Amino acid sequence: MTDYGGFRDRVAQIDLTDGEVTYRGISDEYAEKYIGARGLGVRYLFEKGADVDPDSPENRLALMTGPLTGTQTVMSGRIALVTKSPLTGTVTDSHHGGWSGARLKWAGLDGILLDGKSEDPVYAVVEDGEVELRDASHIWGYGVHDTVDALDDEVDGEVGKNVSVMAIGPGGENGVRYACVVNEDDRASGRGGTGCVMGDKNVKAVVVKGGTRMPKPADPDTFQEGYQQAMQVIRESDVTAPNEGGLSQYGTNVLMNITEEMDGLPTKNATYTSTRAFADAEGGSVDAEEVSGENVRENILVDEPTCHSCPVACKKEVEVQVNHKGTDMNVRMESYEYESAFALGPNSGHSERDDIALMIDRCNDVGVDTIEVGNMMAMAMEMSEEGKLDDYGTLDWGDSTEMVDLIEDIAHRDGDLAELLAEGAERVADEVGAHDNKLSVKGQTIPAYDPRCMKGMGIAYATSNRGACHLRAYTPAAEILGVPEKVDPYEWEGKGELTATFQDLHAVSDSFDICKFNAFAEGIEEYVLQYNGMTGRDVTEDELFEAGERVYNLERYYNNLAGFDGDDDTLPNRFLDGHPDAIPGQGASEGELCELDEMKAEYYDHRGWVDGVVPDEKLADLDIGVGPGTGVSTGGTGAPADD
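Keep in mind the model is a prediction, meaning the values are calculated, not measured.

1. Topic: a negative patch on the surface
Here's step 1: On the surface, Asp 221, Glu 225, Glu 525, Asp 538, Glu 541, Asp 542 and Glu 543 cluster together to form a negatively charged patch.
Here's step 2: Elements represented by at least two residues in the negative patch include exactly α7 (220–236) and α22 (541–561).
Here's step 3: For the negative patch, the leading source of residues is α22, giving 3 residues.
Here's step 4: Within the secondary structure, Glu 541 sits in helix α22.
Here's step 5: Accessibility expressed as a relative area gives 36% for Glu 541, which makes it partly exposed.

2. So, the pattern of salt bridges
Here's step 1: One pass over the full model with this rule turns up 52 salt bridges.
Here's step 2: Between Asp 115 and Arg 60 there is a salt bridge, with the nearest N and O atoms lying 2.8 Å from each other. You can see Asp 115 sitting in strand β6 (residues 111–115) and its partner Arg 60 sitting in the loop between α2 (37–46) and β3 (61–64), a full 55 residues away along the chain. The same class applies to Asp 115 as to Arg 60, namely buried.
Here's step 3: A salt bridge links Asp 510 to Lys 516; the shortest N-O distance between them is 2.7 Å.

3. A look at the pairing of strand β14 (residues 317–324)
Here's step 1: Here strand β13 (residues 301–303) pairs with β14 via 2 bridges, running antiparallel. Residue pairing across strands places Leu 301 opposite Val 318, the latter belonging to β14.
Here's step 2: As paired elements, β14 and strand β15 (residues 327–333) share 7 bridges and run antiparallel to each other. Pairing of Val 318 across the sheet is with Met 333, part of β15.
Here's step 3: In sequence, β14 turns back onto β15 through a hairpin of 2 residues, with Lys 325 there showing a positive phi of about 50°.

4. Details of the side chain of Arg 607
Here's step 1: Tracing the chain through its elements places Arg 607 in helix α23 (residues 596–607).
Here's step 2: Among the polar contacts listed, one links the side chain of Arg 607 to the backbone oxygen of Ala 500, at a separation of 3.5 Å.
Here's step 3: Ignoring any residue separated from it by four or fewer positions in sequence, one finds Arg 607 in contact with Ala 500, Gln 503, Asp 504, Glu 549, Tyr 552, Asn 553 and Lys 618.

5. What about helix α14 (residues 370–385)?
Each α-helix winds once per 3.6 residues, and so residues spaced three or four apart point in a common direction.
Here's step 1: Between the first and last C-alpha of α14 there are 23 Å, a value that for 16 residues agrees with the 22 Å anticipated at 1.5 Å per step.
Here's step 2: Of all 16 residues making up α14, 15 are buried, and the element is well covered by its neighbours.
Here's step 3: For α14, the side-chain oxygen to backbone nitrogen distance between the N-cap and Ile 371 is 3.1 Å, and the N-cap itself is Asp 369.
Here's step 4: Gly 387 sits one or two positions beyond α14 and adopts a positive phi of about 75°.

6. Observations regarding the sheet that holds strand β8 (residues 130–135)
The strands that make up a sheet are held in pairs by hydrogen bonds between backbone atoms, and each pair lies either parallel or antiparallel.
Here's step 1: Spatially, 6 strands are ordered β8-β7-β12-β9-β10-β11 in an open sheet, and the strand pairing comes out mixed. If you trace the sheet from one side to the other, it starts and ends with β8 and β11 (188–189), each paired once.
Here's step 2: Pairing of strand β9 (residues 163–167) with strand β10 (residues 181–183) involves 2 bridges; the strand directions are antiparallel. What sits directly across from Met 166, in β10, is Asn 183.

7. A look at the nonpolar core
Here's step 1: Tyr 336 and Leu 544 are the most contacted members of the largest nonpolar core, which has 148 residues in total.
Here's step 2: Not counting chain neighbours up to four residues away, the residues in contact with Leu 544 comprise Ile 35, Val 508, Phe 512, Ile 524, Tyr 527, Val 528, Tyr 531 and Val 539.
Here's step 3: Residues Val 197, Met 198, Val 203 and Val 206 belong to the second largest nonpolar core, which totals 24 residues.

8. With respect to the sheet that holds strand β5 (residues 91–96)
Here's step 1: Strand order in the open sheet formed by 6 strands is β2-β1-β6-β3-β4-β5, with mixed pairing between adjacent strands. Single-partner strands in this sheet number two, and they are β2 (20–24) and β5. Here the strands of the sheet are splayed against their neighbours by 20° on average, with no regard to which way each runs.
Here's step 2: Contacts from α2 reach β1 (11–15), β2, β3, β4 (79–84), β5 and β6 within the one sheet, and its direction differs from that of β4 by about 25°.

9. Details of the environment of Asp 616
Here's step 1: Tracing the backbone through its elements, the reader meets Asp 616 in helix α24 (residues 616–621).
Here's step 2: Among the residues examined, Asp 616 registers a relative accessible area of 58% and is labelled exposed.
Here's step 3: When the C-alpha positions of Asp 616 and Tyr 557 are compared, they lie 9.9 Å apart, and in sequence the two are 59 residues distant.

10. Here we look at the packing of helix α21 (residues 524–535) against α22
Here's step 1: Interaxial distance between α21 and α22 falls to 10 Å at its minimum, and their mutual angle equals 95°. One finds that α21 runs roughly perpendicular with respect to α22. From α21, Ile 524, Glu 525, Tyr 527, Val 528 and Tyr 531 reach across to α22, where they touch Glu 541, Leu 544 and Phe 545.
Here's step 2: Of the residues in the contact of α21 with α22, the class split is 6 nonpolar, no polar and 2 charged.

11. Some points on unusual backbone geometry
Here's step 1: With an omega of 15°, the peptide bond between Glu 334 and Ser 335 qualifies as cis.
Here's step 2: With respect to the helices and strands, Ser 335 occurs in the loop between β15 and α12 (338–344).
Here's step 3: Cis rather than trans, the peptide bond between Phe 512 and Asp 513 has omega equal to 5°.
Here's step 4: Mapped onto the fold, Asp 513 is located in the loop between α20 (495–512) and α21.
Here's step 5: The phi angle at Asp 9 is positive, at roughly 55°, despite the residue not being glycine.
Here's step 6: Assignment of secondary structure puts Asp 9 in the segment before β1.
Here's step 7: The class for Asp 9 is partly exposed, based on a relative accessible area of 22%.
Here's step 8: We note that Ala 37 has phi near 40°; this positive angle belongs to a residue other than glycine.
Here's step 9: As for its position among the elements, Ala 37 is in helix α2.

12. Comments concerning the packing of aromatic side chains
Here's step 1: In this structure the tally under the stated criterion is 15 aromatic pairs.
Here's step 2: Aromatic pair Tyr 338 and Tyr 449: ring centres 5.6 Å apart, planes at 65°, arrangement edge-to-face. With Tyr 338 in helix α12 and Tyr 449 in the loop between β17 (444–445) and α18 (455–463), this pair connects stretches of sequence that are 111 residues apart. In this structure, Tyr 338 and Tyr 449 share a single accessibility class: buried.
Here's step 3: Pairing Phe 512 with Tyr 527 gives two aromatic rings, centres 5.6 Å apart and planes at 80°, and the pair type is edge-to-face. You can see Phe 512 sitting in helix α20 and its partner Tyr 527 sitting in helix α21, a full 15 residues away along the chain. Both residues of the pair, Phe 512 and Tyr 527, belong to the buried class.
Here's step 4: Looking at Arg 10, its charged tip hangs above the ring of Tyr 23, at a distance of 3.8 Å from the centre.

Calculation rules
- Residues numbered from 1 in each chain as written.
- Predicted model: local features only at pLDDT ≥ 70, side-chain atom pairs only at ≥ 80, totals over all residues.
- Heavy atoms only, no water.
- Patch = residues over 30% accessible without salt bridge, like charges linked within 9 Å, V, L, I, M, F, W, Y side chains within 5 Å.
- Areas by Shrake-Rupley, 256 points an atom, 1.4 Å probe, with all protein chains shown as cover.
- Salt bridge = Lys/Arg side-chain N within 4 Å of Asp/Glu carboxyl O.
- Lys, Arg positive; Asp, Glu negative; His and termini not counted.
- Charge placed at Lys NZ, Arg CZ, Asp CG, Glu CD.
- Helix = DSSP H or I, 4+ residues; strand = E, 2+ residues; numbered from the N terminus.
- Buried < 20%, exposed > 50% of the residue type's maximum accessible area, 1.4 Å probe, protein only.
- Pairing = 2+ DSSP bridges.
- Polar contact = N/O pair within 3.5 Å; in protein donor to acceptor, adjacent residues only side chain to side chain.
- Contact = heavy atoms within 4.5 Å.
- Expected span 1.5 Å × (residues − 1).
- Core = buried A, V, L, I, M, F, W, Y, C linked by side-chain atoms within 4.5 Å.
- Axes fitted to C-alpha atoms, helices over the stretch in contact; angles between N-to-C directions.
- Parallel < 35°, antiparallel > 145°, perpendicular 65-115°, else oblique.
- Nonpolar A, V, L, I, M, F, W, Y, C, P; charged D, E, K, R; others polar.
- Phe/Tyr/Trp six-rings, centres within 6.5 Å; stacked < 30°, edge-to-face > 60°.
- Lys NZ or Arg CZ within 6 Å of the ring centre and 35° of its normal.

Written as structure tokens, this is what we have:
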């Protein structure tokens, strides 16, 4: 491929079984249809077939950048990890920020495909467009932080300046199904179990060295027009304006007090819709304000680092002094995020701010998803209260001290309870008969937005291709923040179409790969200008939206081939209107439940799907060809279309 800027036209394909590294270009067809990063990663995953076992060597883990990654484009430091999830059995993509995505592009690669399984632990070193595999036996068993330190000593350069490390901890090594990949700045590809797949392949880390070649736009004038327009709307947005409150001032945790006031913060395993409702009903001192962005900024904030090409600086680095079981500990970690604080705090029945900082740091070091591990412990607390865990051990509501140690135990699968919880909500529910206690969709637990309060989140969770997720379609942008316009969070009508629109738009930004926070200010107009300027293409807004729709339908088609349909597009029982185990909202959301059936009908009609399945005519409309083996055409040659 030579016609488009933003690409290196070089993807490393590593057969870990024999240690062979080959390189492939990116076809014009792939670049046009699937853009890059998330979209291209899913297309590469299809080459392995949708019936592959996620835990097998045949599963592929793709680390992919997009055409805007590592460029001057605002917030363009991200990288997508795409695989078949060992947690959900669906396609999954999980992104992290920082600098590793940009450095991979600067070092001469668009992506890395990890296939097979190494006999012994290895790590990969990327430099000048080439990949070398090295022995990792001496660092197997290390936490992420010690791994980064060890590799900093082994490679030329300096981690954090001209070297990036993406590593797994014990969670990935021991097959925790929600293990993640974490970079040196504690940025995690957190959801879906990407670290579990990397551990299954005996890959400890990917090290990216050097590289300073920032991609240049093919059409500089168009790109600069888009870039300047994007910077202007970001500076003017109440959400993204640097140093004007919002994300810049409080990070993602700006949402803690907002969702609490709306009675939209799932609390005590979503038994309540706010900490206030919990306290009113049961007493106690759980208070969302104690773990809010405002409280963090006032009391424990020490730094505000940023990712590549980002003026917002949403990361909030904190330092706390904690006495854990008689031992004084100093913890400095990046960053105190809203989703993490929710799952490890109010949803688990407490608001111990400093203990949560310690738990986030522990999760980052052992390499497990903060949302999933927090929600798993909340599930365990509820099951303990109901006597369902007597054979495994128990965990009391709000016991933040024991939670800290349980994180380590889960990562090492140490003990009956930890072994059980390492399997994820769906398998736990099957094992102990606790389906009414799980807060999962397709096996992945919900983030920090209650669908009894924000109906858009209900249909978004249910139809997310990677399991419960706020980032496939961030409807709180409209339901809370009024972006692009304010909608009533309690109204279900129109939420199906709104969700599909957000899903397609975010599929575009994830395939670029740029930060979701762009969408709080930018729209499709700014996206088109920057994309056309960088690549030299001349796509319209409609064509770019269609590319996002194609990516979303390709993912859904993969899931259909893997056995998923409309029956899997559901919600935890306690949220569902008409379900006997439903728990209505309290406070401002009093009596509210989620009208999922109505929203699904609207959503499927808008999508053109039949009971959650992509029909052949939709595949044809979006030019997603059907062929033998993977279910996607191979370009008519019998070989992958971009070889």
